Structure formats: structure tokens, C-alpha cells
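Listed below, chain by chain, are the residues.
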Amino acid sequence: MKKNLRKWKILLLIALMVLAAGGCGKKIPKDSLTRPPEITLTAFVKEAGEVTMQAGSYNWNYRVSKEEESGGVADAPSPLDETYPWQFLVLPASASGTEQYKFSFAWIVKELEEKTDEINWPDELTLISYDETQIGSLEAQAAETVTYTREEVEAEDFLLPLHAGRVYEILLTWDEADYKKDGFYGTASYVFRTVTSEPEQE
């Protein structure tokens, strides 16, 4: 009798734990990104630096369950706004605006480190550049705009060509067509400046 009573107590405790876990809210599937990933640019010359960035502006959607979708929107200032919290990518001190430096591109998902290779790369990567003299001129035209396809970006030899003295915006797009597989879709913007020395902290 005592054994049966103890058994029922254990079963009741397990049932309560299950109910408590269920009452904590729905868990986000591990195969879904709840925000845009970080990206890293790495130089192939020792004199240049590396930069890791989080998205500034984005429009993001992700799967919560089979029946439910959620998302978020963030708006950052214009890349040329003097108040923009730029990340700085340091190029060699001898770099001029005419010299081109190649940087590898990688995207990082800390929560999904083991699965990142299984998730589709961005469908498009658009690289927009402005001359740093245009900072403060919010209506200025881009000096250059180049769009790369997924096939180009995911290639092992893919490199981004960058110049000194520029403000860059990287736009990443994941199409909704892959939502069923990846559990997310949307666009994200990453902004940085290329300089020849690290700016002093004010």
C-alpha cells in the first residue's frame, strides 16, 4: 500500500512539473532565429583589423510554433547620420581611398553554432558605400552599390572589396520562401566605417 502511495505521489509530482513547464510559455524552436545574426568581416592582411556587428535596422520574422509566427522591427538612424553608432574597421595606416582590401564574410548564430552550416545563407547581400565626406548629408547618393547572390556569398572564396574612408552598409535578405525549412526570414542592415586608425574615445 505504501509503495503504491509513493508511486502515485511521484507520478503526481511529474505531472505538476510538466504542467508548470507548459505554463511558462511556448519555447522557440532551436532551428529558428529570433533576431538577425551577428556578422564578422575579417581581413587577409595582418595590418588590417576585424569587426563583428549586430544589425541596426531590421524587419525580422520567426517561427514560434507550427501555428504561430512572431517577429520584430528595429529602426536605426541613417548610415550618414552624425549620431549613428558606427562600428569601425581599421585598415592599414598607408591605405588610401583608391586601394582595395579584401575581407571575408561570416555570419554568426551563437545559439545555433552547430547548425549554422545547415541553415541557408542570405539570399542576397547588398554592399552600399558612401564617401566619409558625405557624413551629415542624409540625402547623399551612394558612391557604389553591389548586390551578391546566395551562390556567390556562400562560396569559399567569397570576399568583400572595401576601401578606406568610407561608410558601408551591408543589407542581408533571407527570403520567405525558405521559412518552412529555416524557421525565419527578413532583412537586416549592418553599418560600419573604414578608417586607418582607431578613433579616440570621447
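What comes next concerns the included structure. (Residues numbered from 1 in each chain as written. Predicted model: local features only at pLDDT ≥ 70, side-chain atom pairs only at ≥ 80, totals over all residues. Heavy atoms only, no water.)

**Thoughts on the nonpolar core**
The nonpolar side chains of a soluble globular protein tend to be buried, and buried together.
Line of reasoning, step 1. Judged by nonpolar contacts, the single largest core of 35 residues is most densely connected at Leu41, Phe103, Phe105, Leu125, Leu160 and Ile170.
Line of reasoning, step 2. Of all the secondary structure elements, the ones that give two or more residues to this core are strand 1 (38-43), strand 2 (50-53), strand 3 (58-63), strand 6 (101-108), strand 7 (124-131), strand 9 (160-162), strand 10 (166-174) and strand 11 (184-195).
Line of reasoning, step 3. Ignoring any residue separated from it by four or fewer positions in sequence, one finds Leu160 in contact with Leu41, Tyr101, Lys102, Phe103, Phe105, Leu125, Leu127, Tyr148 and Ile170.
Line of reasoning, step 4. Residues Leu80, Tyr84, Ile135 and Val191 belong to the second largest nonpolar core, which totals 8 residues. (Core = buried A, V, L, I, M, F, W, Y, C linked by side-chain atoms within 4.5 Å. Buried < 20%, exposed > 50% of the residue type's maximum accessible area, 1.4 Å probe, protein only. Helix = DSSP H or I, 4+ residues; strand = E, 2+ residues; numbered from the N terminus. Contact = heavy atoms within 4.5 Å.)

**Topic: the pairing of strand 4 (residues 69-74)**
The side chains of a regular strand alternate, first on one face of the sheet and then on the other.
Line of reasoning, step 1. Judged from the 6 bridges that link them, strand 3 and strand 4 form a sheet pairing that is antiparallel. The residue of strand 4 that forms the bridge with Asn61 is Gly71.
Line of reasoning, step 2. Counting the residues between successive antiparallel strands, the hairpin from strand 3 to strand 4 contains 5 residues. (Pairing = 2+ DSSP bridges.)

**A few points about the pattern of salt bridges**
Line of reasoning, step 1. Inspection of the entire model under this criterion finds 4 salt bridges.
Line of reasoning, step 2. Across the pair Asp123 and Arg150 runs a salt bridge whose closest N-O atoms are separated by 2.7 Å. You can see Asp123 sitting in the loop between strand 6 and strand 7 and its partner Arg150 sitting in helix 2 (residues 150-153), a full 27 residues away along the chain.
Line of reasoning, step 3. For Asp123, a relative accessible area of 16% puts it in the buried group.
Line of reasoning, step 4. Lys181 serves as the salt-bridge partner of Asp182, at 3.1 Å between the closest nitrogen and oxygen.
Line of reasoning, step 5. Through salt bridges with shared partners, a single ionic network connects Asp123, Arg150 and Asp178. (Salt bridge = Lys/Arg side-chain N within 4 Å of Asp/Glu carboxyl O.)

**A short note on a negative patch on the surface**
Line of reasoning, step 1. A cluster of acidic residues, Glu69, Glu124, Asp175 and Glu176, forms a negative patch on the protein surface.
Line of reasoning, step 2. Structurally, the position occupied by Glu124 is in strand 7.
Line of reasoning, step 3. By relative accessible area, which is 38% here, Glu124 ends up partly exposed. (Patch = residues over 30% accessible without salt bridge, like charges linked within 9 Å, V, L, I, M, F, W, Y side chains within 5 Å. Areas by Shrake-Rupley, 256 points an atom, 1.4 Å probe, with all protein chains shown as cover. Lys, Arg positive; Asp, Glu negative; His and termini not counted. Charge placed at Lys NZ, Arg CZ, Asp CG, Glu CD.)

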